[in-house]
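Per-entry structural report
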Amino acid sequence: MISRIASFHNYQSVSNDMMRQQVKLQDNQDQLATGKRVLTSGDDPVSSIYIQNFRQQDKQLDQYIDSITLARNRQTRAEIAVDDAEQLVDSAKRKTMEMINGSLSDDDRTAHRQDLKGLYDNFMNLVNAKDESGNFLFSGTQSSKQPFYRDSALNVRYAGDSYHRTSQVAPAVEVQTSDPGDQVFMEIKNPFGDYQPEYSLESGSVLLLAQATNTNNADNSDYAVSFSVDGAGQTTYELTQNGSVVSSGVYDPQNGVQWGTLSLSFEGEMMDGDTIALERQDTFNVFDAFKKGIELSHESIFNASATAELHQVTEQFSAAFKHLNKARSEVGTRLTTLDRQESMHKDFKLVLNRSLGTMEDLDYSTAVIDMNENMLALQASQQAFAKTKDLSLFNYI
């Protein structure tokens, strides 16, 4: 039996083959134009999945790098502000030490007082510093609120909160990007231990508190120690707790004053009638040190109590300097972490791009050969189509 094939079927078959060759040639041209082997998921379904995952990871790395850049800018600004504040505190300490000099005149103390006021003004500008976005650096999480306010009596109030902001710079890594101002400037460890002294000294006394500690954290009593010196030069002490005498005896410079959980040590030489009152205070703020230094600068150089308190202010500035230095070191550690994470992200991006290139980049030599083959096949299909459409029985009659 002889099968009959319609002329239209032959025409359609050759036409479809020519269209397929045209599509293949168009794909070759698109690949050569873009330099990519995989343009759609149909080109290589398995590679397409990997390519999509690689691109998602690459975008996520870009987001992390942007977060690192923002965090670094803020932390760099904070580091500069803390460093400048550290230098101002050191200068204030030196000014206070110079005011202790007994050879200064009242005019000299006035000049130092003006310098100390200028340092205080500059310090207030620093603690209210902003980052490049206009956000306050030391207001905790309330970055739009000015953290520190100073009244006419030189008292400072903190208006921020005690929390800090963080930024995620890697899937499991968060870096602190802000410091609450109260922790940086208002919660400085007391250089004298657990108490702040208030001096009531006789003229010519050089008595100073060295350390005052109490291992009983629940003891919030106010203490005072008074010294007496008899004609033979023997020194005795009397310790009071909330106004009641609790201990007395001969003062031993080696052991100081010991009573229960309270331990006191002193330096310098005391005079008959010297008294030091002790108020429980584990921390202090640097603003009070500025204020007290300015107030004491009005006192006479012959006021032994004022001179002793200037020594106290000097120790506070010294403690504040160390505290700020530690804060700056912590900021530096965060900056190091940010740099390290950024370097890791960039290295990983190189690996991803290399892997992505292996998956989707075009092998030009192979692509050119494929295009030439498809072009020859198309030409053959076109010639076959030309002959097929001219077939007719009338050519053979």
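The rules behind each value
Residues numbered from 1 in each chain as written. Predicted model: local features only at pLDDT ≥ 70, side-chain atom pairs only at ≥ 80, totals over all residues. Heavy atoms only, no water. UniProt positions renumbered as here; feature names shortened; annotations may be inferred. Helix = DSSP H or I, 4+ residues; strand = E, 2+ residues; numbered from the N terminus. Buried < 20%, exposed > 50% of the residue type's maximum accessible area, 1.4 Å probe, protein only. Contact = heavy atoms within 4.5 Å. Expected span 1.5 Å × (residues − 1). Arc of directions from axis to C-beta. Core = buried A, V, L, I, M, F, W, Y, C linked by side-chain atoms within 4.5 Å. Axes fitted to C-alpha atoms, helices over the stretch in contact; angles between N-to-C directions. Parallel < 35°, antiparallel > 145°, perpendicular 65-115°, else oblique. Left-handed = near helix turned anticlockwise from the far one by under 90°. Nonpolar A, V, L, I, M, F, W, Y, C, P; charged D, E, K, R; others polar. Phe/Tyr/Trp six-rings, centres within 6.5 Å; stacked < 30°, edge-to-face > 60°. pLDDT = per-residue confidence, 0-100. Polar contact = N/O pair within 3.5 Å; in protein donor to acceptor, adjacent residues only side chain to side chain. Pairing = 2+ DSSP bridges.

The protein appears in an unreviewed UniProt entry as Flagellar hook-associated protein 3 from Grimontia marina. Per UniProt, the comment on the protein under Sequence similarities (unreviewed entry) is "Belongs to the bacterial flagellin family."

Notes on the overall build of the protein
Helix and strand counts for the protein come out as seven helices and 14 strands. Across the 397 residues that make up the protein, the buried fraction comes to 41%. Across the protein, the fraction of contacts at a sequence separation of at least 24, relative to all contacts at a separation of at least 6, is 69%.

Side note on unusual backbone geometry
Residue L154 is not a glycine yet carries a positive backbone phi of 70°. Examined against the element boundaries, L154 turns out to sit in the loop between β1 (148-150) and β2 (156-158).

Quick notes on helix α3 (residues 106-127)
When the terminal C-alpha atoms of α3 are compared, their 31 Å separation across 22 residues agrees well with the 32 Å that a helix rising 1.5 Å per residue should span. Of the positions making up α3, those classed as buried are R109, H112, R113, L116, L119, Y120, F123, M124, L126 and V127. Along α3, the residues classed as buried sweep out an arc of 145° about the axis, all on the same side. Opposite its buried face, α3 presents the exposed residues D107 and N125, each directed more than 90 degrees away.

So, the nonpolar core
The biggest cluster of nonpolar side chains holds 40 residues, and the ones touching the most others in it are F123, F148, F185, V286, F287, F290 and F317. Sequence-distant contacts of F148, that is, excluding residues within four places in its chain, are made with M124, V127, N128, F138, V156, R157, Y158, G181, D182, F185, M186 and F287. Grouped together as the second largest cluster of nonpolar side chains are 23 residues, F192, L201, L208 and A212 included.

Let's talk about the packing of α3 against helix α5 (residues 286-296)
Contact geometry of α3 with α5 gives a least axis separation of 9 Å together with a crossing angle of 160°. Between α3 and α5, the crossing angle belongs to the class labelled roughly antiparallel. Classified by chirality, the crossing of α5 by α3 is left-handed. Across the interface between the two elements, R109, R113, L116, K117, L119, Y120, F123, M124 and V127 from α3 touch V286, F287, F290, K291, G293, I294 and L296 from α5. Looking at the contact of α3 with α5 residue by residue, the class counts come to 11 nonpolar, one polar and four charged.

Here we look at the packing of aromatic side chains
Taken as a whole, this structure holds 15 aromatic pairs when the rule is applied. Arranged with centres 6.4 Å apart and planes meeting at 55°, the rings of F185 and F287 form a pair that is tilted. Taken as a pair, F185 in helix α4 (residues 181-186) and F287 in helix α5 lie far apart in primary sequence, 102 residues in all. Centre to centre, the rings of F290 and F317 are 5.0 Å apart; their planes meet at 70°, and the pair counts as edge-to-face. Of this pair, F290 sits in helix α5 while F317 sits in helix α6 (residues 304-360); the two residues are 27 residues apart in sequence, bridging distant segments of the chain.

Points about the confidence of the model for the protein
Where the model shows low pLDDT, its predicted coordinates should not be examined in detail. Predicted confidence across the protein gives a mean pLDDT of 84, with 76% of residues reaching 70 or more. Scored below 50 in pLDDT, residues 1-5 makes one contact in the model with residues more than four places away or belonging to other chains.

Concerning α5
Owing to its 3.6 residues per turn, the α-helix aligns residues three or four sequence positions apart on the same side. Of all the 11 residues making up α5, eight are buried; the element is thus mostly covered by neighbouring parts of the structure. Of all the residues in α5, the buried ones are V286, F287, A289, F290, K291, G293, I294 and L296. N-capping of α5 is provided by N285, with a side-chain oxygen placed 2.9 Å from the backbone N of F287.

Some words on the environment of P253
Looking at the element boundaries, P253 is found in the loop between β10 (244-250) and β11 (257-259). The exposure class of P253 is exposed, given its relative accessible area of 60%. Separated by 16 residues in the primary sequence, P253 and E269 have C-alpha atoms spaced 10.0 Å apart.

Some words on the sheet that holds strand β9 (residues 235-241)
Taken in spatial order, the five strands of this open sheet run β6-β13-β8-β9-β10, and their pairing is antiparallel. Of all the strands in the sheet, just β6 (195-200) and β10 have a single pairing partner and so form its edges. Ignoring strand direction, the axes of neighbouring strands in this sheet form an average angle of 20°. Pairing of β6 with strand β13 (residues 275-280) involves six bridges; the strand directions are antiparallel. Residue P197 lies in a different strand from β13, and its bridge partner there is L278.

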